[in-house]
Amino acid sequence: MFTPLATGGALVTAVGLLVLVLLVVVVYQTVKIVDAYEKKALTVFGEYRGLLEPGINVVPPFVSRTYTFDMRTQTIDVPRQEAITRDNSPVTADAVVYIRVRDAKRAFLEVDDYKTAVSNLAQTTLRAVLGDMELDDTLNKRQEINARIRKELDEPTDEWGIRVESVEVREVNPSQDVQQAMEQQTSAERRRRAMILEAQGERQSAIEKAQGDKQSDIIRAQGAKQSQILEAQGDAISTVLRAKSAESMGERAIVEKGMETLESIGQGESTTFVLPQELSSTLGRYGKHLSGSDVKADGEVLDSLDFDPETRELLGLDNIDDILNQISEEADVDPAKLEEQAEAVKEGMDPGMQSADEVIEQMDEELEDNGS
């Protein structure tokens, strides 16, 4: 059986525990801790009372409610949207919107769920912007799409206390048929460019080859012309040298032949010598050059004529002394024989020749024979 004292102690303990629990609940409801990157909207009996700043805040217990707002930049993914461009090409696109809560009170009072509201507004704006553009522009003008979506979002979000910091369209994809057509167009364009580049390369190669051939022909023509000029000059020089050589060698041949004639005459018994005119004139020229001067009929001395070294070598003037000595040796005959030859000439009976009477008698006989 329980005594009244024991029953009273248990009651006191239960009451104490209840008071402790109530006190904890009251403290929990009264004290609100706000993080540094947050703000909380406070309502008491459903009435907006203000914003709780970061730190410890005391609010009325049991009758107060708080709503947390993250004041940092937040990312909202815009689901993939389908749209029809102005040139009736279906495309799909998705985007990312970066927002920041600028005014937590307006974000609390003006819109139910600002994140959902911004996402829905971004979806409709994305479809509207894509539908107002052509397909090529949607694929190429990504920055223009971003700027137009942001501009369309700025006005309504300002009323919600939200600032749109940036909008980025991640992908814009045309339909499968359009993609295949674009791939074919791209392939055709690439083939066309390749053919153009190849044709330009062949044209440039042909031009360079033609220029090279032209330059080569010019160089060959110049070389042929120079060769002909040099050959003509060489022929002219050779002709002059051959003429000089022929003239000199001709005179030397006359002299040599004359020497042989003198030798044969010297070996004969006749004392009368008949020299060719060419030999006498040549010996005269040699004599003038050997003596260094010539004498006119009146005794006036002429200027000496000198040959250049080349002509002297061709004519053999440096060996003239040896030639004259040889002529003297070959012309040296016995004085007695010369006297006999002289007597024979005086009598008209040169050895080796017929007398005048014999010649006349022979001619008369030949006339008589012809007459008969």
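As shown above, the structure is provided for reference.
For clarity, every value in this text was computed on a predicted model and none was experimentally measured.

Looking at the pairing of strand β7 (residues 90-101)
- Extensive coverage of β7 is indicated by the burial of nine of its twelve residues.
- Here strand β6 (residues 74-84) runs beside β7; their pairing, made up of nine bridges, is antiparallel. Within the sheet, the bridge partner assigned to Glu 82 lies in β7 and is Thr 92.
- Hairpin remark: β6 followed by β7, antiparallel, with five residues in the connecting loop; positive phi at Asn 88, about 60 degrees.
- As paired strands, β7 and strand β8 (residues 162-174) are joined by eleven bridges and run antiparallel to one another. The partner of Ile 99 across the bridge, within β8, is Val 164.

A word on the sheet that holds β6
- Strands sit in the order β6-β7-β8 across an open sheet of three strands; the sheet is antiparallel. Pairing within the sheet leaves two strands with one partner each, and these edge strands are β6 and β8. Direction aside, the axes of adjacent strands within the sheet are offset by 20 degrees on average.
- Of the strands in this sheet, β6, β7 and β8 are in contact with helix α3 (residues 114-131), which crosses β6 at around 35 degrees.
- Sitting on the sheet, helix α5 (residues 142-159) touches β7 and β8, and the angle it makes with β8 is about 140 degrees.

Description of the sheet that holds strand β3 (residues 47-52)
- With antiparallel pairing, three strands are arranged side by side in an open sheet as β3-β2-β5. In this open sheet, the two edge strands, each paired with only one partner strand, are β3 and β5 (64-70). For this sheet, the mean inter-axis angle between neighbouring strands, taken without regard to orientation, is 25 degrees.
- Across five bridges, the pairing between strand β2 (residues 38-44) and β3 is antiparallel.

As for the environment of Asn 146
- Tracing the backbone through its elements, the reader meets Asn 146 in helix α5.
- The class of Asn 146 is buried, set by a relative accessible area of 5%.
- For the pair formed by Asn 146 and Arg 170, sequence separation is 24 residues and the distance between their alpha carbons is 9.9 Å.
- With residues near it in sequence (within four places) discarded, Asn 146 still touches Val 167, Glu 168 and Val 169.

Details of the nonpolar core
- Membership of the largest hydrophobic core comes to 34 residues, with the highest contact counts inside it found for Val 97, Ile 99, Leu 126, Ile 149 and Ile 162.
- Every element with two or more residues in this core is listed here: β6, β7, α2 (104-109), α3, α5 and β8.
- Among the elements that line this core, the one with the most residues is α3, at seven residues.
- The next biggest cluster of nonpolar side chains, apart from the first, holds five residues, and it includes Val 34, Leu 42, Val 44 and Leu 52.

Some points on a negative patch on the surface
- Together, Glu 110, Glu 152, Glu 155 and Glu 159 give the surface a local cluster of negative charge.
- Tracing the backbone shows Glu 159 in helix α5.
- On the accessibility criterion, Glu 159 (47% relative accessible area) is partly exposed.

Thoughts on α5
- Compared with the 26 Å implied by 1.5 Å per residue over 18 residues, the 27 Å span of α5 between its first and last C-alpha is a close match.
- Of all the bends found along α5, the most pronounced is centred on Leu 153 and spans about 30 degrees, while Pro 156, a proline, follows it within four residues.
- Among the residues making up α5, those that are buried are Ile 145, Asn 146, Ile 149, Leu 153 and Thr 157.
- Along its buried surface, α5 packs onto β7, α3, α4 (135-140) and β8.
- Just beyond α5, the residue with positive phi is Gly 161, at close to 75 degrees.

Description of the pattern of salt bridges
- On inspection of all chains with the given rule, the structure shows 15 salt bridges.
- A salt bridge links Arg 49 to Glu 47; the shortest N-O distance between them is 3.8 Å.
- When salt bridges that share partners are traced, they join Arg 80, Asp 94, Arg 170 and Glu 171 into one network.

Focus: the environment of Gln 81
- Examined against the element boundaries, Gln 81 turns out to sit in strand β6.
- Sequence separation between Gln 81 and Thr 124 is 43 residues; the distance between their C-alpha atoms is 8.7 Å.
- A distance of 3.1 Å separates a polar atom in the side chain of Gln 81 from the backbone oxygen of Pro 79.
- Of note is the side chain of Gln 81, whose polar atom sits 3.3 Å from the side chain of Gln 123.

About the thresholds
- Per-chain numbering applies: the sequence of each chain, read as written, is numbered from 1 onward.
- The predicted nature of this model means local features are confined to residues of pLDDT at least 70 and side-chain atom pairs, given and counted, to a pLDDT of 80 or more, with totals for whole chains, interfaces and linings taken over all residues.
- Only heavy atoms go into the side-chain values, all of them from the structure, while hydrogens and water stay out.
- Three labels apply to residues, based on accessible area from a 1.4 Å probe with only protein chains included: buried if under 20% of the type maximum, exposed if over 50%, partly exposed otherwise in between.
- For the purposes of this entry, the term helix denotes a DSSP run of H or I that reaches at least four residues, the term strand denotes a run of E that reaches at least two, and both are numbered from the N terminus.
- One requirement defines pairing of two strands: DSSP has to find at least two bridges between them.
- Axis angles are defined between N-to-C directions and span 0 to 180 degrees, where every axis is a line fitted to C-alpha atoms and, for a helix, only to the segment in contact.
- By definition in these notes, contact holds between two residues if any of their heavy atoms fall within 4.5 Å.
- Nonpolar core, defined: a set of buried Ala, Val, Leu, Ile, Met, Phe, Trp, Tyr and Cys residues in which side-chain atoms within 4.5 Å join the residues together.
- Every patch collects residues that have over 30% relative accessible area and no salt bridge, joining them within 9 Å if they carry like charges and within 5 Å if they are nonpolar side chains (Val, Leu, Ile, Met, Phe, Trp, Tyr).
- Computed by Shrake-Rupley with a 1.4 Å probe, the accessible areas treat only the displayed protein chains as cover when residues are assessed.
- Should a side-chain nitrogen of Lys or Arg be within 4 Å of a carboxyl oxygen of Asp or Glu, the pair is scored as a salt bridge.
- Positive charges are assigned to Lys and Arg, negative charges to Asp and Glu, while His and the chain termini are left out of the count.
- For charged residues, the charge sits on one atom: NZ in Lys, CZ in Arg, CG in Asp, CD in Glu.
- Given a helix with a known number of residues, its expected span is that number minus one, times 1.5 Å.
- The reported bend at a residue is simply the angle between two axes, fitted to the 7 residues ending at it and to the 7 residues beginning with it.
- Counted as a polar contact is a pair of N or O atoms within 3.5 Å, where, for protein atoms, one must be capable of donating a hydrogen and the other of accepting one, and residues adjacent in sequence contribute only when both atoms are in side chains.

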